[in-house]
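Overview (structure and organization)
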Amino acid sequence: MVELRGRWNELVPGSASLADELVGRYVERTRRAYRDQYLEIVLTALDSLIQLSTDPTSVRLAAWFHRAVHEPGGTPAEDAEASARLAEHLLPRYGVPPIRIAEVARLIRLTGDLVAPPPDSYAPPRRDANGDVLLDAVNAVLASDPSRYAVHTAEVRRDAGDRKVALERRYDEVRELLDGHLYRTQLARQRLGPVARVNLETELAGLDSELPAPWRGWQQAALTATATFTAVGAAVASIAASGASWQVPAAKDEAGWPPVVLAVVAFFSAPVLFRCARSVSQRSRLTAGAILAAAVTGLLVAWARVPSINPAVGVGLRVPLLISALILLLVAGTAALVASLLRTRTARFLPPRNLGQQLAWLAVPGVIALILLLIIQPLARNYVMTSNERVDGPREPAGQASASTLDGSVAWVSKSLLGSGAEEAIGTRYGIAIPRQSGVVEMLDAATGELRWRYSRSDSDEKPNITATGNGDYVLAEFADIGYLLLDANTGRRKATWPGGTRDHLIQQSEPLLTGEHVARGSDKLHGVDPDGHQRWTFEPGNCTDIGAVATMDTVVAFLGHSCGNESDEMTGFDLKSGKKLWSKPSTDMYRRPVVVAGLVVVAEPAGDSDVPEALTAIDPRSGEIKWRWPVPRTWACRTLLNPAGRYLVVVDCPGPSTQENRRTVVTAIDAGTGETAWQMTAPVSPRVKVTVTADARVISLGRGVGGCQANVISRLGFRQVRLPTGISCSRDARAIGNLVLTSGNNTVIALR
C-alpha cells in the first residue's frame, strides 16, 4: 500500500488526501477484484507508455480513477461511469482545471469497453493518443506474470457471482480479445502482446475444461459430415445416372462412361474431403479447392452438352441426375474448404466429441438422404417431364356441339389424325380429346372439329390412354414408362403428374378418380385419389382379397372377394372424401359390371357361367340398401351391356339363342328411380356389333348396307337405319359424346349431324 501511495508523487499539488482516498478504495476489505495489485500493474505499464501521450497528467489521473468505484458483479461500463462521476466530483476541490477534468472523465469512460481493437485500429482516421495509452495500460494486466494473471482472473470470476454465468461470459471475452490486436499502440504490441496472448490462450484452455460444452463444435462437425456424405450422395446420384440415357431415344454412340467415372471420383472423394475438413494445412485447402473446381468444370461441360429438344429428341433422365451429382460434389468440396478455414481459428478451442457433434454426424446423412429422395429425385423427374413436353395450337374458345339428329349428313370432319379414330375419343367440357401415336393428345372443338390444342412429348412414341376426370375439366393421360399426367382440358397445360408408384395402379374409375392396386401376394388395395394423384385414403381389407369398386360423386362401393379361408364375399361402402366405412354386408356372389345411374350403383347378379345375369340390382351407396331388383328374362342369350343414359339404365342384349344366325338386338330402358321398364325395343341388328349410347338413350351402331355404310338407331321411337355419306368407315365403331355421334374416316374423325 505504501509503495502504491508513493506512485501518486504529488500528481496534483496539495492532493495527499485525494491519494489516500483513492488508495483506500482499492484496498478496502469488501473489494474482491481490481485491488491494489491490479492498479500497480496498470501504473507500471503506464510508466513505459506515457511518453506516447499528449497529456500525461490527465492519463495518469484517469488510470488512478478508472476503477476507483467498483461494485461486486459490476460491468466495466458501470464501473467506468461511476468512477468518471467520482472524478468530476472530487477533482474540482483540488484546483484541477475544468478542461483537464473533462479529459480525465472522457478517458475513464473509454475503459468501459475494453474489447480488442479492430484489425485496422493501428491506423485509425483520427488518432487518440491519450486514449490509446490508457487502454493499453489497463490491458497490461493481460501480460502480467502468469501466477499474478491467474490470481487476477480468479478474482474477477469470483467477483462476478454466478460461476457458470461468469465462466461463459469470460470465455466469450477471451475469444473476442484473441481475435483482435489486444493493444492499440505499436510499443505495447511489441512489449506486451506476446506474453498477453500466451496468458489468454492458457486461460481459454482452462475455461474450456471447466465449461460444459454439449453443443460446441457442432458447426465444424456438421461441415465435415456434409463434405463426407454429400460426396457419397454424389456417387449414388451418379450410379443412378449410369442406368439412364442422356437423350430420348438413346443415341447409338452415347457414351456410358461419364457417370461411372463421376461415381468413382465422388466415392473416393468422400474420405479425402473428410481429412481435408479436419485439417488446417494449405495442402488440404488446395485439395478441397481442386475437387470444387472439378465439379464446377463438370457442371459447365454437362450444361453445354444438354441435348437440343425437338419433336423427335428429348432429354433423358441422365441429364438432371448427372447435374445433381456434380452439384452435390460442389457442395461437398465447398463444405470441406469452409470447415478447414473455420478449423484454423477454432481447432484449439474445440472440445472432444460431444452431444452436438454426435447429433451433427447423425443428422447430416439423414438430411442428405431425404434431399436425395424428396428433392433431387422429384426435381430430376420434373425437369425431364417439363423439358420434353410441348403444347401447341391456337386454343380458341370452346364451342358448343349440337346434338346429332342422324339425318345422314356430316356436321364436321377433323384434319388428319394419323392412327386415331372416333372409338378412342373422350368428351370434356372444352371439346373432344383424341390420343395419337408418338405421345400426342389433341383437343378438337366439339362444334367445328378444329384443333384447339395439341399436347406432345418427345420421350414417348406410343399412343397414350386417355380418360376424362374432374367433371370434364381435365384429361387424364397414361403414357407408357412415364405415368399419369393430368392435362387442363381447356388449355392443354399439364396440371399435375402422379407419383411414380401410381403407374402400377389401375384406374377403377376416372370420375371421380379411384384407383386399385393389384398385388401378387397378400391383399389388393383401394385408394381414394385426388386429381393431382394425392392419395387421400387407402383401404386394405386383408390377405387373399380381391377388390372391385365403383364410385358415385360422394361414395364408394367396394366388392370384396375372399379367395382363401371360409369368409364369404362382401360389399362395403365408403365415404369418397375421407375413406370412412359407411356400411358392410355379406354378398352371396361377386357382382359384375357395376355402373352408376342417377346416384345409384346398379350391379348384375351372376347366373352361373352365363354372360347373362340373373337380375339387375340397384344399391343405395350411402346405406347399402337395395332399392329395386329387375329380373333379366331367361330367354336372353348374349352378353348383357349396361349403359347409363341420364335417368335411365339402358340394357342391351339379344332376345334369343346366341348363335351365328341370331340377327336381333333387344334394348331396354329402365327408370333408375323406380326400377320399372320405361320402354323396350327389338330391332333387326346383329348383336355382335359394338354399340354406343347417347345421353338421351339412343343406341347406335354402324353396319354395311346395300348402298354403303349405314347407322342403326334404336330408341323409344322405334328402329331406323340412316345411310351415311361416303368416306365413313363401317369397320370402326361409332362413339357418342353426350348427344353428339362421332364416326371414323380415313385418319379423320367425323361428326354426324
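Since the structure is predicted, the reported quantities are computational estimates derived from the model, not experimental observations.

Attention shifts here to the state of the cysteines. Each disulfide consists of one covalent bond between the sulfur atoms belonging to two cysteines. A complete count under the given rule lists 2 disulfides for this structure. Across the disulfide, Cys709 is cross-linked to Cys730 (sulfur-sulfur distance 2.0 Å). You can see Cys709 sitting in strand β31 (residues 708-715) and its partner Cys730 sitting in the loop between β32 (718-723) and β33 (735-737), a full 21 residues away along the chain. Each member of the pair, Cys709 together with Cys730, is buried.

This paragraph deals with the nonpolar core. Ranked by size, the top nonpolar core spans 62 residues in total, and within it Trp8, Trp64, Phe65, Leu91, Leu142, Tyr183 and Leu200 carry the most contacts. Element by element, the count of residues in this core is highest for helix α3 (residues 36-49), at 8 residues. Those residues in contact with Leu142, other than ones at most four positions away along the chain, are Tyr149, Arg170, Leu177, Tyr183, Val195, Ala196, Asn199 and Leu200. Counting residues in each nonpolar core, the second largest holds 34 residues, with Ala302, Val315, Leu328 and Leu329 among its members.

Attention now moves to the sheet that holds strand β9 (residues 465-469). The antiparallel open sheet is built from 4 strands, whose spatial order is β9-β10-β11-β12. Of all the strands in the sheet, just β9 and β12 (494-497) have a single pairing partner and so form its edges. On average, each strand axis in the sheet is inclined to that of its neighbour by 25 degrees, with strand direction left out of account. Alignment of strand β11 (residues 483-488) against β12, held across 3 bridges, turns out to be antiparallel. Residue pairing across strands places Leu485 opposite Thr497, the latter belonging to β12.

This next bit is on the pairing of strand β35 (residues 749-752). The alternating pattern of β35 places Val749 and Ala751 on one face and Ile750 and Leu752 on the opposite face, and all of these are buried. Bridging between strand β4 (residues 410-413) and β35 involves 3 bridges; their strand directions are antiparallel. Note that in β35 the partner of Trp412 across the bridge is Ala751. Inspection of the sheet shows strand β34 (residues 740-744) paired to β35 by 3 bridges, in the antiparallel sense. Each residue of the ladder has a partner; that of Leu742, found in β35, is Ala751. Two successive antiparallel strands, β34 and β35, enclose a turn made up of 4 residues, where Asn747 displays a positive phi of approximately 60 degrees.

Below, the discussion takes up the sheet that holds strand β25 (residues 641-645). Spatial ordering of the open sheet is given by β25-β26-β27-β28, a layout of 4 strands whose pairing is antiparallel. Taken across any chain shown, the strands that pair with only one partner, and hence form the sheet edges, are β25 and β28 (677-683). For this sheet the average axis-to-axis angle between neighbouring strands, irrespective of direction, equals 20 degrees. Alignment of strand β27 (residues 665-671) against β28, held across 6 bridges, turns out to be antiparallel. Bridge pairing in β28 links Ala669 to Trp679.

Here we come to the packing of helix α12 (residues 218-242) against helix α16 (residues 355-387). For the pair α12 and α16, the least separation of the axes is 8 Å and the interaxial angle reads 35 degrees. With respect to the hand of their crossing, α12 and α16 are arranged in right-handed fashion. Taken together, the residues of α16 that come into contact with α12 (itself represented by Trp218, Ala221, Ala222, Thr224, Ala225, Thr226, Thr228, Phe229, Thr230 and Gly233) are Gly356, Gln357, Ala360, Trp361, Val364, Pro365, Ile368 and Leu372. Of the residues assigned to the contact of α12 with α16, the class counts are 11 nonpolar, 7 polar and no charged.

On the surface, a cluster of negative charge is made up of Asp113, Asp162, Glu168, Asp172 and Glu176. Assignment of secondary structure puts Glu168 in helix α9 (residues 163-178). On the basis of relative accessible area, Glu168 is assigned to the partly exposed category, the value being 35%.

About the thresholds
Residues numbered from 1 in each chain as written. Predicted model: local features only at pLDDT ≥ 70, side-chain atom pairs only at ≥ 80, totals over all residues. Heavy atoms only, no water. Disulfide = S-S within 2.5 Å. Helix = DSSP H or I, 4+ residues; strand = E, 2+ residues; numbered from the N terminus. Buried < 20%, exposed > 50% of the residue type's maximum accessible area, 1.4 Å probe, protein only. Core = buried A, V, L, I, M, F, W, Y, C linked by side-chain atoms within 4.5 Å. Contact = heavy atoms within 4.5 Å. Pairing = 2+ DSSP bridges. Axes fitted to C-alpha atoms, helices over the stretch in contact; angles between N-to-C directions. Left-handed = near helix turned anticlockwise from the far one by under 90°. Nonpolar A, V, L, I, M, F, W, Y, C, P; charged D, E, K, R; others polar. Patch = residues over 30% accessible without salt bridge, like charges linked within 9 Å, V, L, I, M, F, W, Y side chains within 5 Å. Areas by Shrake-Rupley, 256 points an atom, 1.4 Å probe, with all protein chains shown as cover. Salt bridge = Lys/Arg side-chain N within 4 Å of Asp/Glu carboxyl O. Lys, Arg positive; Asp, Glu negative; His and termini not counted. Charge placed at Lys NZ, Arg CZ, Asp CG, Glu CD.

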